Amino acid sequence: MKGGEAGMPFSDRSVQREREEFCRLAGVPGSNVRELCRRFGVSPTTGYKWLAIFAEAGSAGLEDRSRRPLSSPRRTTAELEGKVLQVRTEHRAWGGRKIRRVLQNEEVASVPAASTITAILRRHGELDGPGAGEPRSFRRFEHAAPNDLWQMDFKGWVELEAGRCHPLTVLDDHSRYALELEACADETAPTVKARLTAVFKHYGLPWRMLADNGPPWGTAGQGQYTRLGVWLMDLGFGLVHGRPYHPQTQGKDERFHRTLKAEVLDARHLRSLAEAQAAFDAWRAIYNNKRPHEALRLNTPASRYEMSSRSMPEVITPPQYEPQDHVRKLDQNGRFSFKGRILKTSTAFAGRSLALRATDTDGLFDICYRRHRIAQIDMRDNAAQPVHHVPEHPSTLSPV
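Treat the numbers as computed from the prediction; the structure is a model and nothing was measured.

S.K.: Quick question: what am I supposed to make of helix α10 (residues 273-289) here?
M.R.: In an α-helix there are 3.6 residues to a turn, and that puts residues three or four apart on one side. With 17 residues, α10 should cover 24 Å at 1.5 Å per step; its first-to-last C-alpha distance of 24 Å lies within 8% of that length. Counted residue by residue, α10 has 12 buried out of 17 residues, so it is predominantly covered. All of the buried residues along α10 are L273, A276, Q277, A279, F280, D281, W283, R284, A285, Y287, N288 and N289. On its buried side, α10 packs onto α1 (15-26), β3 (164-172), β4 (178-184), α7 (189-203) and α9 (251-263).

Okay, structure coming up:
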């Protein structure tokens, strides 16, 4: 992949995984199948054919080859232990509870308790330390519905044989569904915008997005807006930043990064961006559709996610303001004139029209872009700094 390329389009990904994701999302009550067909780039005839096959034969029917059944009423205890060890071999970071749920989902007969599976793993030397596989207590918070909030971030770069890989991740807060896992060549705003455009076209728009304070979505706690954040406002939602120096605010995405490291990055040496993307695509399908998630009571993210009903607009319309607003268009340096004074705000809004709106306090005006209050002007004589930026309020979400 060249440095300027943002990543592979969805159409280049595994056909089998695309079909399965389509069928799972179409099975959510209230789903618009024709809209899903449009987002996946297939005809309604093809989409309904996939659904018929999926209803009759499940995921196996969407593959080019069939899968051997994992269960048999005549399986012996030794064979069951072998199945436990097989799942563990395929997924080195999974413990007793996850393996038990996987075996249940695949209808293996007489699945033992999670503690028994943990004992099998320990007996075969598959667990490290006396406390491995034991329950841990966390305090969790989640939004009430899919697409209420998405978390996004770059995981720390990964060394390749030629250059570096910068994994970009986007996670739905409610379901933990991994909407994006992209092997990027850099962490620039154009790369992020290109990838988010593909995600928005595929899954629809969230109501809010949460990111940290660093580039390309923030200005490291300086309270300034970025062009990427303004673009999100143009799409109808805002970018919320975590509290400075509190990366745990994005606890779900941080936890996702730890899982990615344990189950993918620590298990292999990636030589190129293309190889990294292939590994990411394969693992994302497992994470969303097969891997039991302990925060979801061992259900999968796919069982709780549904596509957004808000499609990405083809054309971004100009902002509309109230008749009583004072509308000003910023020059390329973020400057504008008001009441005989030249004032300046964030250059991220350069060339755009903003509204100056009177407040209940005489001499104070809010600067608004669309439905967002971005700054305040103090026109009183004692104002040493007339323009005060008002960034999106930092998120106060719990850390997990």
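After presenting the structure, the write-up continues.
S.K.: Is there a simple way to explain unusual backbone geometry in this structure?
M.R.: Most peptide bonds are trans, and most residues other than glycine sit at a negative phi. Backbone geometry places N147, a non-glycine residue, at a positive phi of 75 degrees. Locating N147 in the fold gives a position in the loop between α6 (114-123) and β1 (150-154). Classification of N147 as buried rests on a relative accessible area of 4%. With a phi close to 55 degrees, R370 is a non-glycine residue in the positive phi region. Its location among the elements puts R370 in the loop between β11 (364-369) and β12 (372-378).

S.K.: Just checking my understanding: could you explain the pattern of salt bridges for this structure?
M.R.: Pairing is possible between side chains of opposite charge, provided their charged atoms come close. Under the defined criterion, the tally for this structure stands at 17 salt bridges. D234 serves as the salt-bridge partner of R370, at 2.9 Å between the closest nitrogen and oxygen. Of this pair, R370 sits in the loop between β11 and β12 while D234 sits in helix α8 (residues 227-234), and the two are 136 residues apart along the sequence. For D234, a relative accessible area of 10% corresponds to the buried category. With a closest N to O distance of 3.4 Å, R373 and D366 form a salt bridge. For R373, a relative accessible area of 36% translates into the label partly exposed. Here the salt bridges do not stand alone but share partners, grouping E35, R38 and R39 into one network.

About the cut-offs
- Residues numbered from 1 in each chain as written.
- Predicted model: local features only at pLDDT ≥ 70, side-chain atom pairs only at ≥ 80, totals over all residues.
- Heavy atoms only, no water.
- Helix = DSSP H or I, 4+ residues; strand = E, 2+ residues; numbered from the N terminus.
- Expected span 1.5 Å × (residues − 1).
- Buried < 20%, exposed > 50% of the residue type's maximum accessible area, 1.4 Å probe, protein only.
- Contact = heavy atoms within 4.5 Å.
- Salt bridge = Lys/Arg side-chain N within 4 Å of Asp/Glu carboxyl O.

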